[in-house]
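Architecture at a glance
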Amino acid sequence: MKSPWNILLVTLLFLLLPLRTLASPTSDDQPSISDPNGQTCLACVVVVSVIEQLAQVHNSTVAASMERLCSYLPEKLFLKTTCYLVIEVFGPDIIKLLSTDVNADVVCHSLEFCKQDPGQPLCHLYPLPKEAWKRTLEKATQIVRKSPTLKYSRSSSDVCSLPFLAKICQRIKLAIKNSVPFKDVDSDKYSVFPTLRGYHWRGRDCNDSNKMAYPGRRPENWDVHEDSNCNGIWGVDPKDGIPYEKKFCEGSQPRGIILLGDSAGAHFHISPEWITASQMSLKSFINLPTALTNELNWPQISGVTGFLDSTSGIKESSLYLRLWKRNRCNHRDYQNISRNGASSKNLDKFIESLSRNQLLDHPAIVLYAMIGNDVCSGKVDPVPEMTTPEKLYSNIMQTLKYLNSHLPNGSHVILYGLADGTFLWNHLHNRYYPLGQLNKDVTYAHFYSFLNCLQVSPCRSWMSSNKTLRTLTSERAKQLSNTLKKIANSQKFTNFDLFYADFDFQEVTEEWQKRGGQPWQLIEPVDGFHPNERSLHSGPLTNTWIWCHEES
């Protein structure tokens, strides 16, 4: 019989796979910078913090707060079941420990979800106890020393080795790794399923049994008999015998939009309601299953390829929707080929998921927007991991040659420069992190330090109190941006024009402040790193939209 911990891991499969990609891996042939033990510790501290704060907000017992948390979770993906299993297995120990007024750090260390290796610093999110840490931990350990839960392995590395999970695990991993739909009957890289790299990421397939019918292709015989390009326009006008596709789309220069990006382009987002006890309700986790099966990304509302209305009341449409509103023949012609941790160093691992046939398809506008991971790393010394200008030049030329051999003639490619991440520390470090807002005890400076200690930070280079390191990182980012600009100004290709655009976050900030906003409101509050939906729908896209409008 499997241990309760392994059963828990099975039900958390959809959660664990995307979480493995949260940090910024460099390439598949190099070790990941993300420490699985660090991720386990982080998850434990967050969950225990939420339980403790729910009890505080509702003036209830710890047992009641755990019950409340589970009641909020949806049934999908066995999330509610998993939560109740956690309560059954670990609840008694958590109740005993929290009753002694220790914090989440102490709880997770005593339950061995967090560990301090010999010679390594102690990783903690909250201020250290008034009593010496060693003595506090000894007392807590005594409370649970006979607990049956301590005999279960905390390692999550063997989830996919379970025989009945191996096949499904492999398919999901390949879908994420290769950035192609998990569910694609005709193997044309388009799907009728929304998540797991389905139509949230690229246009919805209109015939999943015919690989010659997909978004973005030139109409076959003006789509007299069927919709071959999935834009919803087909058939013949009975009044004059002219095919609708010919009548509405001929000469309109349809073109698709393709993003080669990182987690910012995929719109990585963890809802603050998921970890903020005072905001938590039955409605808080409705979208959690969708988010988990999209690797905690929200491409369906992203700034480039989003096709759904903003969840934040933002008036600006995505670049795809702007093109679609101007020419409805572009319907469904979008591809978000972004990946958490993507950079110029590993784009070659998944660029083949791009779907464009030089002979059969319309031209496309391709945005290359790797705005941070070439200078970001979670390692103790992140500087050696940074991409050099020479290496970036080689990587980009390799990417452009690939695009030239796959894009239809008349396409356009825009290279985006890197962001300047000094914004993060400057505007966030002394603000309270969501888990610290209730008791005013955790700032973003504490949160960044915790991530760095656990070696799970998406960008130690900028999310650090070390001003010298932050400055050096911004200088390297500027060098890489200049390299991209140099390539755009000097290189010519037969099938596309090449352009460069700055990722001008300062412009976004100034525009937001004119509207009465504060700079910190432009960053994802939970991870404290990514530009949020508000910022991605603003400045950086403006120049691209103006250019597209003029070209059309």
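We now turn to the structure provided with this report.

Basis of the calculations
- Residues numbered from 1 in each chain as written.
- Predicted model: local features only at pLDDT ≥ 70, side-chain atom pairs only at ≥ 80, totals over all residues.
- Heavy atoms only, no water.
- Axes fitted to C-alpha atoms, helices over the stretch in contact; angles between N-to-C directions.
- Helix = DSSP H or I, 4+ residues; strand = E, 2+ residues; numbered from the N terminus.
- Parallel < 35°, antiparallel > 145°, perpendicular 65-115°, else oblique.
- Left-handed = near helix turned anticlockwise from the far one by under 90°.
- Contact = heavy atoms within 4.5 Å.
- Disulfide = S-S within 2.5 Å.
- Buried < 20%, exposed > 50% of the residue type's maximum accessible area, 1.4 Å probe, protein only.
- Pairing = 2+ DSSP bridges.

1. Quick notes on the packing of helix α5 (residues 79-98) against helix α7 (residues 133-144)
- At a closest axis distance of 10 Å, the pairing of α5 and α7 adopts a crossing angle of 140°. It follows from the interaxial angle that α5 and α7 lie oblique. Considering how the two elements wind past one another, α5 and α7 form a crossing that is right-handed. Contacts between α5 and α7 involve Asp93, Lys96 and Leu97 from the former and Ala140, Ile143 and Val144 from the latter.

2. Quick look at the state of the cysteines
- Applying the stated criterion across every chain, the model contains 7 disulfides.
- Disulfide partner of Cys70: Cys83, at an S-S distance of 2.0 Å. An S-S torsion of about -80° defines the bridge between Cys70 and Cys83 as left-handed. One end of the pair, Cys70, is in helix α4 (residues 62-72); the other, Cys83, is in helix α5, with 13 residues separating them in the sequence.
- By relative accessible area, which is 11% here, Cys83 ends up buried.

3. As for the pairing of strand β2 (residues 334-338)
- Along β2, 5 of the 5 residues are buried, which leaves the element largely enclosed by surrounding structure.
- With burial as the criterion, each face of β2 is covered, one bearing Tyr334, Asn336 and Ser338 and the other bearing Gln335 and Ile337.
- As paired strands, strand β1 (residues 256-261) and β2 are joined by 5 bridges and run parallel to one another. Counterpart to Ile258 in the pairing with β2 is Gln335.

4. As for the sheet that holds strand β5 (residues 496-501)
- Taken together, the 5 strands give an open sheet; going across it, the order is β2-β1-β3-β4-β5, and neighbouring strands pair in parallel fashion. Both outer strands of the open sheet, β2 and β5, are each paired with one neighbouring strand and no more. Ignoring strand direction, the axes of neighbouring strands in this sheet form an average angle of 15°.
- In the packing of helix α12 (residues 319-326) onto the sheet, the strands contacted are β1, β2 and β3 (364-369), and the crossing angle to β1 comes to about 175°.
- Sitting on the sheet, helix α16 (residues 467-490) is in contact with β3, β4 (411-416) and β5, with an inclination near 150° to β5.

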